[in-house]
Amino acid sequence: MHKIYFTPGPSKLYYTVEGHVKNALKSQVSSISHRSKQFENIYSHAVGQLRELLNVPGEFEIFFTSSATEVWERLIQNCVENSSFHLVNGAFSRRFYEISRDLGRDAVISEVEPGHCIDPSETNIPESVELIAVTQNETSTGVAQPLEDIYALKDQHPDKLMAVDAVSAVPYIDLDFNRIDSLFFSVQKGFGLPAGLGVWIINEKGIEKAKSMQRSGLSIGSYHSIPSFLSKSGRHQTPETPNVLGMYLLGKVAEDMLSKGITQIRKETEYKAALSYNLLENHPLMEPFVINPKYRSKTVIVAKTAIDSKKIIDKAGEKGMVIGSGYGQFKNKHLRIANFPTHSKEQFEMLADFLNEYSHE
Ligand SMILES: *Cc1c(COP(=O)(O)O)cnc(C)c1O
């Protein structure tokens, strides 16, 4: 049976991926040299389509890593000499904080209970902090920090770098890049691609920080330091032999999303989210985990269940729908449902029918 993956990453592949993989194999993209003109075209196509889709200004560079986890480490290595500040409200934002601490930085944490958001007016960010880390969409709990909060924090601290983890919200979120310094994501979530590729977008200010740390004789890492990326990116190349197939597919899918229209994708995302939250608010066995509607993620919908969530997940599995379990401590207490561009309205309606019928143990 061909299953529909509603899991929040990896998830269902974007519906055009199969055809692109076939074409990629036919044109042997996995065998070409990463120093060839053919590769440079794949690279610049991916960057160009991403720039257009996400509306990335020219002063931002786009680099490719192996994952978003890698970007956490690279951001700290390249842009934080002493101290970073982390808004933490779940497992992913916590991991970013831990990486900074593991790299020996003074990582300052501002934490709230899972399912809640930090009020920017109540955070006390020390003067010594160089970078503020915000996880815009906390995939573990389905809580989303409003973009206005992120902009407000940046306005309060214009001298600090604002780094936004939007791994499970891109390309849905409509971010104003002029009000942040760095954004990153990996491709197995909203883009519906095979895992193994991360995208790191960073502006001149972040790049300058890395260069000045390097000039001071500090270690900023090796092959994936910002200066190392830049030594190759001008020629549309990468320092290492990269995930060429992943980059090819990303360019193609971004192009498909552009021709569908990002406005249309955003509208559909909002329709499917409204359908889901409305269902949860009226369900005898489940409710939205995030109480305040203002903080509910549109792309990762988390339900708190009155019964063992595994029972519901197993039953959905019998019908060919794979729903995500809760994360960590919430494993058997939550359902997590990805609402990505690949999930059609019809598929969401099918899922809603199943959940509506599931009203007893
Ligand atoms: C999945 C996820 C990550 C990690 O992505 P990888 O591709 O596994 O490195 C980081 N942050 C958030 C919010 C995520 O959802």
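Residues numbered from 1 in each chain as written. Predicted model: local features only at pLDDT ≥ 70, side-chain atom pairs only at ≥ 80, totals over all residues. Heavy atoms only, no water.

A short note on the domain arrangement of the protein chain
Interface size is often expressed as the accessible area that is lost when the parts come together.
Part 1 of the argument: Taken as a whole, the protein chain is organised into domain 1 (4–11 + 261–358) and domain 2 (17–258).
Part 2 of the argument: Its C-alpha centre places domain 1 at a distance of 26 Å from the equivalent point of domain 2.
Part 3 of the argument: On the domain 2 side, the residues contacting the 27 residues of domain 1 number 26 residues.
Part 4 of the argument: Both sides of the domain 1 and domain 2 interface together cover about 2,200 Å² of buried area, and 63% of this is carbon and sulfur.
Part 5 of the argument: Taken as a group, Arg266, Tyr295 and Tyr327 account for 27% of the area that domain 1 buries against domain 2, more than any other trio of residues on that side.
Part 6 of the argument: Here domain 1 and domain 2 share one salt bridge between them.
Part 7 of the argument: Applying the counting rule to domain 1 against domain 2 returns 12 residue pairs in polar contact (both at pLDDT 80 or more).
Part 8 of the argument: Elements represented by at least two residues in the side of domain 1 that touches domain 2 include exactly α9 (262–281) and β12 (300–305).
Part 9 of the argument: With six residues, the single largest contributor to the side of domain 1 that touches domain 2 is α9.
Part 10 of the argument: Tallied by class, residues from the side of domain 1 that touches domain 2 come to 14 nonpolar, seven polar and six charged. (Domains from an automatic or database assignment. Contact = heavy atoms within 4.5 Å. Buried area = accessible area lost by both parts, 1.4 Å probe. Salt bridge = Lys/Arg side-chain N within 4 Å of Asp/Glu carboxyl O. Polar contact = N/O pair within 3.5 Å; in protein donor to acceptor, adjacent residues only side chain to side chain. Helix = DSSP H or I, 4+ residues; strand = E, 2+ residues; numbered from the N terminus. Nonpolar A, V, L, I, M, F, W, Y, C, P; charged D, E, K, R; others polar.)

So, helix α10 (residues 309–318)
Part 1 of the argument: Turning to α10, its buried residues are Ser309, Ile312, Ile313 and Ala316. Along the long axis of α10, the arc covered by the buried residues comes to 100°, so they all point the same way.
Part 2 of the argument: Backbone nitrogen of Lys310 and a side-chain oxygen of the N-cap are separated by 3.0 Å at the start of α10; the cap is Asp308. (Buried < 20%, exposed > 50% of the residue type's maximum accessible area, 1.4 Å probe, protein only. Arc of directions from axis to C-beta.)

Some words on the packing of aromatic side chains
Part 1 of the argument: In total, this model carries 14 aromatic pairs according to the counting rule given.
Part 2 of the argument: Of the aromatic side chains, those joined through ring pairs into one cluster are Phe39, Tyr43 and Phe64.
Part 3 of the argument: Lying across the ring of Tyr271, Lys345 places its NZ or CZ 5.2 Å from the centre. (Phe/Tyr/Trp six-rings, centres within 6.5 Å; stacked < 30°, edge-to-face > 60°. Lys NZ or Arg CZ within 6 Å of the ring centre and 35° of its normal.)

Considerations on the site of the ligand
Part 1 of the argument: Surveying the vicinity of the ligand reveals 14 residues, the closest of which are Thr69, Thr139, Asp165, Ser186 and Lys189.
Part 2 of the argument: Between an oxygen atom of the ligand and a side-chain N or O atom of Thr69, the distance comes to 2.6 Å.
Part 3 of the argument: In the model, a nitrogen atom of the ligand is placed 2.7 Å from a nitrogen or oxygen of the Asp165 side chain.
Part 4 of the argument: Taken by itself the ligand offers 390 Å² of open surface, and the protein chains cover 88% of this.
Part 5 of the argument: Take the shell around the ligand: its biggest share by element is three residues, from helix α3 (residues 68–79).
Part 6 of the argument: Residue composition of the shell around the ligand, by class: four nonpolar, eight polar and two charged. (Near = heavy atom within 4 Å. Areas by Shrake-Rupley, 256 points an atom, 1.4 Å probe, with all protein chains shown as cover.)

Thoughts on the pairing of strand β4 (residues 106–111)
Part 1 of the argument: Relative to β4, strand β3 (residues 83–88) is paired through six bridges, and the arrangement is parallel. Bridging across to β4, Phe85 finds its partner in Val108.
Part 2 of the argument: Viewed along the sheet, the connection from β3 through helix α4 (residues 91–102) into β4 turns out right-handed. (Pairing = 2+ DSSP bridges. Right-handed = clockwise from strand over helix to strand, strands pointing away.)

Some remarks on a negative patch on the surface
Part 1 of the argument: A cluster of acidic side chains, namely Glu346, Glu349, Asp353 and Glu357, defines a negative patch on the protein surface.
Part 2 of the argument: Turning to its location among the elements, Glu346 is positioned in helix α11 (residues 345–357).
Part 3 of the argument: Judged by relative accessible area, Glu346 falls into the exposed class, the value being 54%. (Patch = residues over 30% accessible without salt bridge, like charges linked within 9 Å, V, L, I, M, F, W, Y side chains within 5 Å. Lys, Arg positive; Asp, Glu negative; His and termini not counted. Charge placed at Lys NZ, Arg CZ, Asp CG, Glu CD.)

Topic: the environment of Ile265
Part 1 of the argument: Along the chain, the position of Ile265 falls in helix α9.
Part 2 of the argument: The spacing of Ile265 and Glu122 is 143 residues in sequence and 34 Å in space, taken between C-alpha atoms.
Part 3 of the argument: Setting aside chain neighbours within four positions, we find Ile265 in contact with Met257, Lys260 and Pro341.

A few points about the pattern of salt bridges
Part 1 of the argument: By the definition in use, this model includes 17 salt bridges.
Part 2 of the argument: When the shortest N-O distance is used, the salt bridge between Lys160 and Glu127 registers 3.7 Å. Of this pair, Lys160 sits in the loop between α5 (147–156) and β8 (161–165) while Glu127 sits in the loop between β4 and β5 (131–135), placing them 33 residues apart in sequence.
Part 3 of the argument: Given the relative accessible area of 1%, Lys160 is considered buried.
Part 4 of the argument: Note that Asp181 and Lys154 form a salt bridge whose closest N and O atoms lie 2.7 Å from each other. Taken as a pair, Asp181 in the loop between β8 and β9 (182–186) and Lys154 in helix α5 lie far apart in primary sequence, 27 residues in all.
Part 5 of the argument: The exposure class assigned to Asp181 is buried, which follows from its relative accessible area of 4%.

A short note on the sheet that holds strand β10 (residues 198–202)
Part 1 of the argument: As summarised here, the arrangement of the seven strands in space is β2-β10-β9-β8-β5-β3-β4, forming an open sheet in which the pairing is mixed. Edge positions in the open sheet fall to β2 (61–65) and β4, since each of these has one partner strand only. When strand polarity is set aside, the average angle formed by the axes of neighbouring strands in this sheet is 20°.
Part 2 of the argument: Note: β5 against β8, five bridges, orientation parallel. Bridging across to β8, Leu131 finds its partner in Leu161.
Part 3 of the argument: Against the sheet, α5 touches β3, β5 and β8, its axis set at about 160° to β8. (Axes fitted to C-alpha atoms, helices over the stretch in contact; angles between N-to-C directions.)

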